[in-house]
Amino acid sequence: MNANIVLSLENITKKYPGVVALNNVSIEFLEGEVHALLGENGAGKSTLIKAVAGAIPIDGGSIHVGGQTYHQMTPHLSRSLGIEVIYQEFNLVPPMSVAENIFLGDRVNEKRLVDYAAMNAKASEIFQQFDVALDPTSRVEDLSPAQQQIVEIAKAVSKKVKILIMDEPSAPLSVAEVEHMFAIIQQLKQKGVTIIYISHRLEEVFRISDRVSVMRDGRYVATRLTQETNRKELISLMVGRELKEVYPSRTVIPTETVLQVKNLSGNGDRDISFSVKKGEILGISGLVGAGRTELAMLLYGAAQIESGEIWVNGKLAHIRSPQDAIRHRIGLLTEDRKGKGLFLEMGVRWNISFPIIRRLSKRGVLDFQTENDIAEKFTRRMNIKTPSLEQRVINLSGGNQQKVVLAKSLAAESDILIFDEPTRGIDVGAKQEIYQLMRELSDHGIAILMISSEMEELLGMSDRIIVLCEGKLAGEVQKEQFSQDYILDLASGTH
Amino acid sequence: MKMDTLKLSNMRTSFGAELRKYAPQMILVALVILFSIITPRFLTTYNLLILVRQVSFAAISAVGIMFVMIGGAIDLSIGSQIVLTNVLLAIMMAIWKVPMGLAILITLLLGTLLGVCNGLLAVKLKVHPLIITLGTASIFKGLGYIIANSRNIMGFPDAYRWFGQGYIGPLPVPIVVMIIVALIGSFVLTRTYFGRYVFAMGGNEEAARLAGVNINRMRIILFAICGFASGITSVLLLSRVFAGQVSTGSGIEFDCLTAALLGGVSFKGGEGTIFGLITGILIIGVLNNAMQLASFPDFSQNVVKGAVLLIAVGFDVYQKTHKAKETVALVKA
């Protein structure tokens, strides 16, 4: 290597009571490279970042930056060394302006009072560098996730970042927005900034990274030049075994229409019509903000229907609340599992049984035995890895949390399931299990509506895809016509 | 060998967790021991019954506020509800000569209705219940003052004394009522689907809504339960004081709230047990009673009460962050 090593981690170890989260991890990062960090959930990527950022103390090992050796990091120290982290949950103050957020905690000049004019000008300057049109005076809470991310990047740049760590940066973004983010990363790279890019999405790793390091079970596994490796190798390094992302094929041909939506409007969506057959998987594609989740909320009664009709099993269904939807055996897996899908402080049993807890009660009184049986059944069926049914779900990994959400809707015995980003932020292994399960469900005659931003899984799993664009139905694509380009054309409204 | 160390460390954390779980109970026991040493008159059956009766009134309302709090809201209007229902009950019996049973029934209904008002306002205006009940507190209290018209209302049927002053066996009636209310409250919260809904609402309102819980209806019901409980308190308190005064019940919500927080009911909702609540109320009772016995000046009692609350809540937050750290460990594991 002829580039300089800007950050070197040596034998980093982090122990928590009963577990070793990081076990002698050593990785070197070069100046101006995009270095992807791969690993399944719980592999220790996040812990490693936190150690580098000084958010947690380490139990052993050392961090070398700029010729100095540190045995312990603090947030302040890592900042002063030019290390910035953009976490999955943004660290922004929503009611404050873009510029105020960028310069939070910093002074733009020596004036005694806050110099808003200078602050806004400096913010604009950064945005211009990246060719972004963002008003420094607009409030952060009014921005889209993609725009908020740009504010985070700008914040890091304003702090003279040398090493930028991005944790799953593409998760909240649409395809087009990811492209834009890549462009910004390229510019930062040209300035000599090192980017540590954490992602589950292998295709992104190949698109953007120069090198890739893989972690598994708190250990460092290997580093590869991105050009010299391939998908299969990375997956096997990640899971420690050969694993292909296969989309299980169907065995039953759907015929009978179970859900029919006629000219549905509301919640920002306009005049949407489609139908789903029993045992069919209908993919719903579109860019972020195209109204996909909004459509799910309409169908589930969680948002007000302004006009149009929903027919379930050939009968007109009046769905005004989630209760109505549940009564019509419609289930929803929300995209925001922590915010809307789970009771994080409660146990696995509690969460799984919650939607049917009323049915499980006799004259209002709970039947703990039946509840336990059901929770146990689904924990086993979904292969949820938990020490006990009483384990609080906040302690489970992302993949297992998602399985709890799934178990919840399965326990409710829905005929129609709406899956909103069912595999977001979960690892390859768990993804595979969820695909398998979706296939099983559809084989058993359950109709599935799957909203996804991952084109590959959408094409792989769906029998048919409808594409939304700006709250309207842009088109319906049959299996024979499936192609990424065609769907993207429809989604971006250029068709 | 490795297994053994692992098991041991698990045991240690779970023992620590157990210990932390019973922090309020330990505080209570420590206080009892402390005051038994300071004043010999403290640890007698006679005194303890007085002590518990003293707080039994607030305890009943506290069960009500606990439902509201676990559901993720707050009711600051409890004391004012009691002021209003108390004055009305006094007037009904003393002046309008409404039969006692009917008057009590009307009071309970009225209490419930005041709760429904709080709930409806919170749901319809979509304003934080803290603000709503701050407003209704002022209204209820004001109405009580208007109706009372600076009178000291007296002349109730003699049988009415029983509620606040009578005994069932060795136990004062308010204590018995408190026990019954606490048992019912505990049963509803832990053994019924309604209880699950309450915890769910407080734990994650949006998730509860999407799981089919009618949040608005639940919110109104919870405030109604709180109002009903305060109706009971009102009936007992008037019998205890045996004169209709606007001061009765005023400010009782602070004892209820303190007891709830001391007992581990989360201010954010989704957490709390009746056992904890009763412990909290007993801590307040012990502090009140023992400091009177030991003739602490009134004002210093306030200081101690406040300090105990801050220590208890501070400890709670400390153990939560501790728990959160363990959680991080597990997630990353």
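The structure we're discussing is the one just above.
All values derive from a computational prediction rather than experimental measurement.

Cut-off values and rules
Residues numbered from 1 in each chain as written. Chains lettered and ligands numbered in written order. Predicted model: local features only at pLDDT ≥ 70, side-chain atom pairs only at ≥ 80, totals over all residues. Heavy atoms only, no water. Helix = DSSP H or I, 4+ residues; strand = E, 2+ residues; numbered from the N terminus. Buried < 20%, exposed > 50% of the residue type's maximum accessible area, 1.4 Å probe, protein only. Areas by Shrake-Rupley, 256 points an atom, 1.4 Å probe, with all protein chains shown as cover. Axes fitted to C-alpha atoms, helices over the stretch in contact; angles between N-to-C directions. Parallel < 35°, antiparallel > 145°, perpendicular 65-115°, else oblique. Left-handed = near helix turned anticlockwise from the far one by under 90°. Contact = heavy atoms within 4.5 Å. Nonpolar A, V, L, I, M, F, W, Y, C, P; charged D, E, K, R; others polar. Patch = residues over 30% accessible without salt bridge, like charges linked within 9 Å, V, L, I, M, F, W, Y side chains within 5 Å. Salt bridge = Lys/Arg side-chain N within 4 Å of Asp/Glu carboxyl O. Polar contact = N/O pair within 3.5 Å; in protein donor to acceptor, adjacent residues only side chain to side chain. Expected span 1.5 Å × (residues − 1). Arc of directions from axis to C-beta. Phe/Tyr/Trp six-rings, centres within 6.5 Å; stacked < 30°, edge-to-face > 60°. Lys NZ or Arg CZ within 6 Å of the ring centre and 35° of its normal. Pairing = 2+ DSSP bridges.

### Considering the overall build of chain B
Right, so step 1: The helix and strand inventory of chain B stands at 14 helices and 2 strands.
Right, so step 2: When burial is assessed residue by residue, chain B has 52% of its 333 residues classed as buried.
Right, so step 3: Roughly 15200 Å² of accessible area belongs to chain B as shown, and the carbon and sulfur atoms make up 71% of that amount.

### Observations concerning the packing of helix H4 (residues 78-94) of chain B against helix H11 (residues 215-241) of chain B
Residue and element names in this part refer to chain B.
Right, so step 1: Running from amino to carboxyl end, H4 crosses H11 at an angle of 50°, the nearest separation of the two axes being 9 Å. As far as their axial angle goes, H11 and H4 are oblique. In the packing of H4 onto H11, the handedness of the crossing is right-handed. Taking contact as the criterion, the partners of Ile 78, Gln 81, Ile 82, Thr 85, Asn 86, Leu 89, Ala 90 and Met 93 in H4 are, on H11, Cys 226, Gly 227, Ser 230, Thr 233, Ser 234, Val 235, Leu 237 and Leu 238.
Right, so step 2: Across the contact of H4 with H11, the residue classes break down as 9 nonpolar, 7 polar and no charged.

### Quick word on a nonpolar patch on the surface
Right, so step 1: A grouping of Leu 121, Leu 125, Val 127, Leu 130, Ile 131 and Phe 267 of chain B is seen on the molecular surface, where their side chains present a nonpolar patch of about 510 Å² in accessible area.
Right, so step 2: Turning to its location among the elements, Val 127 of chain B is positioned in the loop between helix H5 (100-125) and helix H6 (129-148).

### Regarding the environment of Lys 408 of chain A
Residues and elements named next belong to chain A.
Right, so step 1: Relative to the helices and strands, Lys 408 resides in helix H14 (residues 398-411).
Right, so step 2: The class for Lys 408 is buried, based on a relative accessible area of 8%.
Right, so step 3: On a C-alpha basis, the gap between Lys 408 and Gly 341 in space is 9.1 Å, while along the polypeptide they are 67 residues apart.
Right, so step 4: In this structure the side chain of Lys 408 is engaged in a polar contact, spanning 2.5 Å, whose partner is the backbone oxygen of Gly 341.

### Some details on helix H13 (residues 368-381) of chain A
Right, so step 1: With 14 residues, H13 of chain A should reach 20 Å at 1.5 Å per residue; the first-to-last C-alpha distance of 20 Å fits that figure.
Right, so step 2: Regarding H13 of chain A, the residues found buried are Glu 371, Ile 374, Ala 375, Phe 378 and Thr 379 of chain A. Seen end-on, H13 of chain A carries its buried residues on one side only, within an arc spanning 130°. Relative to its buried face, H13 of chain A has exposed residues pointing more than 90 degrees away, namely Gln 369 and Arg 380 of chain A.
Right, so step 3: Close packing links the buried residues of H13 of chain A with helix H12 (348-353) and H14 of chain A together with helix H9 (193-203) of chain B.
Right, so step 4: Immediately beyond the C-terminal end of H13 of chain A, within one or two residues, lies Asn 383 of chain A, with a positive phi of roughly 55°.

### A closer look at the packing of aromatic side chains
Right, so step 1: This model, assessed by the stated rule, comprises 12 aromatic pairs over all chains.
Right, so step 2: Here the aromatic rings of Phe 343 of chain A and Trp 350 of chain A are separated by 5.2 Å at their centres, their planes lie at 70°, and the arrangement is edge-to-face. One exposure class covers both Phe 343 of chain A and Trp 350 of chain A, and it is buried.
Right, so step 3: The interplanar angle of 85° and the centroid separation of 5.9 Å between the aromatic rings of Phe 156 of chain B and Tyr 160 of chain B together place this pair among those described as edge-to-face. We note that Phe 156 of chain B, like Tyr 160 of chain B, is buried.
Right, so step 4: Members of the aromatic cluster, connected to one another through ring pairs, are Phe 343, Trp 350 and Phe 354 of chain A together with Tyr 193 and Tyr 197 of chain B.
Right, so step 5: Lying across the ring of Phe 242 of chain B, Arg 161 of chain B places its NZ or CZ 4.1 Å from the centre.

### Some details on the sheet that holds strand S19 (residues 464-469) of chain A
Residue and element names in this part refer to chain A.
Right, so step 1: If you trace the 6 strands from one edge of the open sheet to the other, you get S16-S17-S18-S13-S19-S20, paired in mixed fashion. The open sheet terminates on both sides in strands that have one partner only, identified here as strand S16 (330-333) and strand S20 (472-478). In this sheet, neighbouring strand axes are inclined to one another by 20° on average, regardless of whether the strands run parallel or antiparallel.
Right, so step 2: Pairing analysis gives 5 bridges linking strand S17 (residues 416-420) to strand S18 (residues 447-451), with the strands arranged parallel.

### Describing the pattern of salt bridges
Residues and elements named next belong to chain A.
Right, so step 1: Scanning the entire structure with this criterion turns up 26 salt bridges over all chains.
Right, so step 2: Put simply, Arg 349 and Glu 371 hold a salt bridge, and the shortest N to O gap is 3.0 Å. Highlighted residues: Arg 349 in helix H12 and Glu 371 in helix H13, separated in sequence by 22 residues. Exposure class is identical for Arg 349 and Glu 371. Each is buried.

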